[in-house]
Amino acid sequence: MAPLCYRRHRFPPDIVQHAIWLYLRFTLSYRDVEELLAARGLDISYETVRRWVLKFGPAIARRLRQRRPRPSDRWHLDEMVVRIAGKRMYLWRAVDHEGEVLDLLVQRRRDSRAALRLMRKLLRKHGFAPKLLVTDKLRSYAAAFRRLRLTCRHEQGLRKNNRAENSHQAVRRRERKQQRFKSARSAQRFLSMHAAVHNTFNLQRHLISRSTMRIFRAEATAQWQDAVAAA
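As the structure is a prediction and not an experimental result, all values here were calculated from the model.

Caption draft 1: Broad picture of unusual backbone geometry. We note that arginine 8 has phi near 65°; this positive angle belongs to a residue other than glycine. Following the sequence through the fold, arginine 8 ends up in the segment before helix 1 (13–25). The backbone of alanine 85 shows a phi angle near 55°, a positive value even though the residue is not glycine. The residue alanine 85 is located in the loop between strand 1 (74–84) and strand 2 (87–96) in this model.

Caption draft 2: Here's a closer look at the environment of leucine 123. Here leucine 123 shows up in helix 4 (residues 112–126). Ignoring sequence-local partners within four residues, the contact set of leucine 123 consists of Trp75, Phe128, Ala129, Pro130, Leu148 and Leu150.

Caption draft 3: Quick peek at the side chain of histidine 168. Mapping histidine 168 onto the fold places it in helix 6 (residues 162–177). Judged by relative accessible area, histidine 168 falls into the buried class, the value being 7%. At 3.1 Å, the side chain of histidine 168 and the side chain of arginine 93 are in polar contact. Apart from the residues lying within four places of it in its own chain, the contact partners of histidine 168 are Asp78, Glu79, Met80 and Arg93.

Caption draft 4: Main features of the nonpolar core. Of all hydrophobic cores here, the largest spans 47 residues; its most connected members are Ile20 and Ile60. Apart from the residues lying within four places of it in its own chain, the contact partners of isoleucine 60 are Leu4, Ile20, Trp224, Ala227 and Val228. Formed by 21 residues, the second largest nonpolar core is a distinct cluster that contains Tyr90, Leu102, Leu105 and Leu118.

Caption draft 5: Spatial organisation of the packing of helix 4 against helix 5 (residues 139–148). Contact geometry for helix 4 and helix 5: axes closest at 8 Å, N-to-C directions at 50°. Taken together, the axes of helix 4 and helix 5 are oblique relative to one another. In this structure, helix 4 meets helix 5 at a crossing whose hand is right-handed. Residues Ser112, Ala115, Leu116, Met119, Arg120 and Leu123 of helix 4 pack against Ser140, Tyr141, Ala143, Ala144, Phe145, Arg147 and Leu148 of helix 5. Tallied by class, the residues present in the contact of helix 4 with helix 5 amount to nine nonpolar, two polar and two charged.

The rules we used
Residues numbered from 1 in each chain as written. Predicted model: local features only at pLDDT ≥ 70, side-chain atom pairs only at ≥ 80, totals over all residues. Heavy atoms only, no water. Helix = DSSP H or I, 4+ residues; strand = E, 2+ residues; numbered from the N terminus. Contact = heavy atoms within 4.5 Å. Buried < 20%, exposed > 50% of the residue type's maximum accessible area, 1.4 Å probe, protein only. Polar contact = N/O pair within 3.5 Å; in protein donor to acceptor, adjacent residues only side chain to side chain. Core = buried A, V, L, I, M, F, W, Y, C linked by side-chain atoms within 4.5 Å. Axes fitted to C-alpha atoms, helices over the stretch in contact; angles between N-to-C directions. Parallel < 35°, antiparallel > 145°, perpendicular 65-115°, else oblique. Left-handed = near helix turned anticlockwise from the far one by under 90°. Nonpolar A, V, L, I, M, F, W, Y, C, P; charged D, E, K, R; others polar.

Right, here's the structure in full:
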C-alpha cells in the first residue's frame, strides 16, 4: 500500500500524525487536542484537527487492521443502545476472548435481520468461522446462527458474555465525551477508526509485567508509525 501523502499541508507530517493519534488514542475532544497542541506552542484550530482525522483516519485504521494478527476463534457478540440525533439505535459489536474488536455495525433494529447482517460481515471480513460463539439470550442470535448453518458451539448467557459487555465501556466513554453521536454514518466511521487504534494499543497491562508492557508498547508504537508513514 502506498504511503500516505501529506503534501500541501501547512504543518509537517509529524504534527498531523500526533494530533490524530491524540484524538483516537485517548478520550479527548477536538478542542482538548487543540489545547494540548497550544501548550506546545502550536496554534492549530480544533476544526483543522477534525479535518485531519476525517481525511487520514480511515486510511490509518485500514493499515492498522492489515497489520493485526489473526484473531482468536472464540467470538463474543453483543448489542448496545445508542442515541443518535434523538433516535434510539443499536450498536452491534463483536470481540474475541482477548478483547480484540472484530467488527461493529450501527443499525436501527434489534432483530434477527440485524444479527444476521453482523455475522455475515464478520465471516466475510475474517474469512473463517469461529469454534465458539458466545451471546446473550436474545433470540435473534440463535435465528441468525441457524440461518447461516454454523456448526460451531453456541453458548448463551448474560455472565458468559461479560467479555463483550465490558468492551462497551470504551465506546460509552467516547459517546459521553462527544455528547452523543450526531449521525449513524459518523458513528460508524469514528468507531471503526477507534476500534483499530484501540486494538493496537490494548496491552492488557494488568496481566503482564512492566518489562513486557514496555516491549508491547514499543511494538504498538512501531505499528502506528508504519501506518502513518508519509510519502
